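What follows is the residue order along each chain.
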Amino acid sequence: MNKEKLLSLLKEKVSRQQWEHWFIDFSVKRIEENHVVFEVGNLFIKGYIEKKFDKILRKVVGEVLGPGATYEIVDAPISLSDNSEIVSDNVALVRKKPVLITPLNPKYTFDNFVVDEFNQFAYNVLLEAAKKPGTYNPIFIHSEAGMGKTHLVQAYGNYLLSNNPDLRYAYLTSESFMNELVTKLKTGNMEEFRERYRKKIDVLVIDDIQFLAGKKGVQIELFHTFNTLYESGKQIIVCSDRSPKELKEFQDRVISRFQMGIVVQIKTPSQEAMYKISKKIVDEEKADVPDEVLEYVARHLKGSIRILKGAVVKLIAYKSMYGEVTVSTAKSILKDVLIEDTRSTDHDILDAASKIFGVSKEELVSNSRDKKTAMARQLCMYLMVRKFGMSTRKVGEIFSKSHPAVISAVKNIEEKMQEDKRLIGHMKLIEIELQKKAGNASS
Ligand SMILES: Nc1ncnc2c1ncn2[C@@H]1O[C@H](COP(=O)(O)OP(=O)(O)OP(=O)(O)O)[C@@H](O)[C@H]1O
């Protein structure tokens, strides 16, 4: 009874997509007083669920079994099929095919990974390693959270598996490695643990290695696992939120193993790269979000690519619901993840336009009907409204114009830009001025 309750409650708390993707073969193996043992198809899914759904699972077991209830996830026992290949071992018969098969997320590919200066090296190394296995071993890849490590190592896995479906690829977090080690130690099954991690895999990817700081016993086990795999020519990839040198409370010998192959870093993406990624996300979703909105978000987002992805998805959803999305919508629906424009944008735009058109700021906000001045004024209005999301009312106040007059000025520029290349050129120059100013202000 409680078993069904646990699963139905869990199903309510995750999205349909998550349920279908990650929980399709998730089951309750047993309940021991206030401890639940869940079972899942393989180690990769186990690692992923532990990492991403821990909070929800704790909540669910707490709600069904009472406060303080705990859980663990075990992966399903290996099933040996009759036609699987025997690869030898003197402790037990180890068959090759059904072991640790990792269903990688097929969405993570090299093709849909946007490459720019910040991640070019990491991409090259992983692609090379996929094309010529053994080129680099181990590979240590580090970056801040949400910058594409998992995407890259899964793209690597997908590439390898497409050429060799029997490949035994294991992805797990260092935390699941530790949890499993502790369980096997308690139950006296260390042989089984070593068997699995030292002999039954071709590629071992360990994520979030920094979690093992200060955990000496686990580090020792990892060290030996590492040596055995390395000596038998198996590929090891370690992901971390910092470089090997910055890993505190790690044994020197473990760190030196990490440094033995190649260490690559995914750096902080530029605004241009963030824009390219947002564009890719929109294209992949076959959606349509105006460039100026994506540019604004890329320029003002605080945080990782994961956060950018969430923001773009929100914009796409908004567009599909309301038919239109503008910079000012983005400002309001994404305010938690966008840095506010602290600089007084209107003054900056007037300064830049005054410089580019050779018209004083006073003239720009005056009623002068001089052709050049009027054009520069309308361009300023357009930039303020369309690119900086300022309200037409506020822009009206700056130029002492009515609300409809501002709207008509913006429309006029929009139309003119279709045919007048010089106008586009002027606008670009103003934007370059603004970027220069923003760069100076932040440095
Ligand atoms: N260069 C890129 N091109 C396209 N999408 C990317 C890129 N980098 C990251 N992403 C996307 O951003 C999201 C977060 O990336 P990912 O999970 O790989 O980050 P991570 O570095 O492994 O994070 P964590 O350290 O938290 O595990 C994913 O959805 C991924 O597809």
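See the structure shown above.
Residues numbered from 1 in each chain as written. Predicted model: local features only at pLDDT ≥ 70, side-chain atom pairs only at ≥ 80, totals over all residues. Heavy atoms only, no water.

**Some points on helix α5 (residues 120-131)**
And step 1. Between its terminal C-alpha atoms α5 stretches 16 Å, which fits the 16 Å expected from twelve residues at 1.5 Å a residue.
And step 2. Buried within α5 we find Ala-122, Tyr-123, Val-125, Leu-126, Leu-127, Ala-129 and Ala-130. (Helix = DSSP H or I, 4+ residues; strand = E, 2+ residues; numbered from the N terminus. Expected span 1.5 Å × (residues − 1). Buried < 20%, exposed > 50% of the residue type's maximum accessible area, 1.4 Å probe, protein only.)

**What to know about the sheet that holds strand β8 (residues 262-265)**
And step 1. Read across the sheet, five strands follow the order β5-β6-β7-β4-β8 without closing on themselves; strand pairing throughout is parallel. The open sheet is flanked by β5 (169-173) and β8, the only strands paired with a single partner. Between one strand axis and the next, the sheet turns by 15° as a mean value, whatever way the strands run.
And step 2. Here four bridges tie strand β4 (residues 139-142) to strand β7 (residues 235-240), and the two strands are oriented parallel to one another. Within β7, the position partnered with Ile-141 by the bridge is Cys-239.
And step 3. Seen against the sheet, α5 touches β4, β7 and β8 and runs at an angle of roughly 135° to β8. (Pairing = 2+ DSSP bridges. Axes fitted to C-alpha atoms, helices over the stretch in contact; angles between N-to-C directions. Contact = heavy atoms within 4.5 Å.)

**As for the packing of helix α18 (residues 392-399) against helix α19 (residues 403-419)**
And step 1. For the pair α18 and α19, the least separation of the axes is 8 Å and the interaxial angle reads 100°. With respect to α19, the element α18 is oriented roughly perpendicular. Facing α18, whose interface residues are Thr-392, Arg-393, Val-395 and Gly-396, α19 presents His-403, Val-406 and Ile-407.
And step 2. Looking at side-chain class alone, the contact of α18 with α19 contains three nonpolar, three polar and one charged residues. (Parallel < 35°, antiparallel > 145°, perpendicular 65-115°, else oblique. Nonpolar A, V, L, I, M, F, W, Y, C, P; charged D, E, K, R; others polar.)

**Comments concerning the pattern of salt bridges**
And step 1. Evaluated as defined, the whole model comprises 23 salt bridges.
And step 2. Between Arg-58 and Asp-54 there is a salt bridge, with its nearest N and O atoms 2.7 Å apart. Pair noted here: Arg-58 and Asp-54 are both in helix α4 (residues 54-65), with a separation of four residues, about one helical turn.
And step 3. Residue class for Asp-54 comes out partly exposed when judged on its relative accessible area of 23%.
And step 4. Between Lys-132 and Glu-128 there is a salt bridge; the shortest N-O distance is 3.1 Å. (Salt bridge = Lys/Arg side-chain N within 4 Å of Asp/Glu carboxyl O.)

**Looking at the site of the ligand**
And step 1. In the vicinity of the ligand there are 18 residues, among which Val-114, Gly-146, Lys-149, Thr-150 and His-151 approach most closely.
And step 2. Between Gly-146 and the ligand, the recorded distance is 2.8 Å, taken from a backbone N or O atom to an oxygen atom.
And step 3. For the ligand, whose unbound accessible area comes to 630 Å², protein coverage reaches 92%.
And step 4. Counting atoms within 2 Å of the grid points, the majority share of the ligand lands in the largest pocket.
And step 5. Mapped onto the shell around the ligand, the elements with two or more residues apiece are α6 (149-163) and α13 (305-322).
And step 6. When its residues are assigned to classes, the shell around the ligand shows six nonpolar, seven polar and five charged. (Near = heavy atom within 4 Å. Polar contact = N/O pair within 3.5 Å; in protein donor to acceptor, adjacent residues only side chain to side chain. Areas by Shrake-Rupley, 256 points an atom, 1.4 Å probe, with all protein chains shown as cover. 1 Å grid on protein atoms, 1.4 Å probe; cavity = no way out; pocket = protein on both sides within 12 Å on 5 of 7 lines; lining within 4 Å. Sits in = over half its atoms within 2 Å of the grid points.)

**Topic: the packing of aromatic side chains**
The geometry of an aromatic ring pair comes down to the distance between the two centres and the angle between the two planes.
And step 1. On inspection of all chains with the given rule, the structure shows twelve aromatic pairs.
And step 2. Geometrically, the ring pair formed by Phe-193 and Tyr-197 is tilted, given 4.8 Å between the ring centres and 55° between the ring planes. Taken as a pair, Phe-193 and Tyr-197 lie in helix α8 (residues 190-199) at a separation of four residues, close to a single helical turn.
And step 3. Residue class for Phe-193 comes out buried when judged on its relative accessible area of 1%.
And step 4. One aromatic cluster in this structure is built from Phe-110, Phe-113, Tyr-123 and Tyr-159.
And step 5. Across from the ring centre of Phe-223, 4.3 Å away, lies the NZ or CZ of Arg-253, which sits over that ring. (Phe/Tyr/Trp six-rings, centres within 6.5 Å; stacked < 30°, edge-to-face > 60°. Lys NZ or Arg CZ within 6 Å of the ring centre and 35° of its normal.)

**Things to note about the sheet that holds strand β2 (residues 35-40)**
And step 1. Taken in spatial order, the three strands of this open sheet run β1-β2-β3, and their pairing is mixed. One side of each edge strand has no neighbouring strand; the edge strands of this open sheet are β1 (27-32) and β3 (70-75). Within this sheet the neighbouring strands show an average axis-to-axis angle of 25°, counted without direction.
And step 2. Where β1 meets β2, five bridges bridge the pair, whose relative direction is antiparallel. Bridging across to β2, Ile-31 finds its partner in Val-36.
And step 3. Seen against the sheet, α4 touches β1, β2 and β3 and runs at an angle of roughly 120° to β3.

**Thoughts on the nonpolar core**
And step 1. Formed by 55 residues in total, the largest nonpolar core has its most connected members in Phe-110, Leu-126, Ile-141, Leu-152, Tyr-156, Tyr-169 and Leu-315.
And step 2. Per-element accounting of this core gives the leading share, seven residues, to α5.
And step 3. Other than its neighbours up to four places away in sequence, Leu-315 contacts Val-289, Val-293, Leu-294, Val-297, Val-325, Ala-330, Ile-333 and Leu-334.
And step 4. Counting residues in each nonpolar core, the second largest holds 29 residues, with Phe-357, Leu-364, Leu-379 and Val-395 among its members. (Core = buried A, V, L, I, M, F, W, Y, C linked by side-chain atoms within 4.5 Å.)

**A few points about unusual backbone geometry**
And step 1. Here the bond from Asn-137 into Pro-138 is cis, since omega is -10°, no more than 30 degrees from zero.
And step 2. On the secondary structure map, Pro-138 appears in the loop between α5 and β4.
And step 3. The backbone of Asp-208 shows a phi angle near 55°, a positive value even though the residue is not glycine.
And step 4. Locating Asp-208 in the fold gives a position in the loop between β6 (203-207) and α9 (216-231).
And step 5. With a phi angle near 50°, Ser-400 is a residue other than glycine that sits in the positive phi range.
And step 6. Assessed through its relative accessible area of 61%, Ser-400 is described here as exposed.

**Here we look at empty space enclosed by the protein**
And step 1. The tally for this structure, following the rule as stated, stands at one cavity of 30 Å³ or more.
And step 2. Considered as a void within the structure, the largest cavity measures approximately 50 Å³ in volume.
And step 3. Forming the walls of the largest cavity are Leu-204, Ile-206, Ile-209, Leu-222, Phe-226, Leu-229, Ile-236, Ile-237, Val-238 and Phe-258.
And step 4. Looking at the lining of the largest cavity, the elements that each hand over two or more residues are β6, α9 and β7. (Points joined across faces, edges and corners; volume = space filled by probe spheres on them.)

**With respect to the side chain of Glu-221**
And step 1. With respect to the secondary-structure elements, Glu-221 resides in helix α9.
And step 2. Other than its neighbours up to four places away in sequence, Glu-221 contacts Phe-177, Leu-181, Met-190, Phe-193, Arg-194 and Arg-198.

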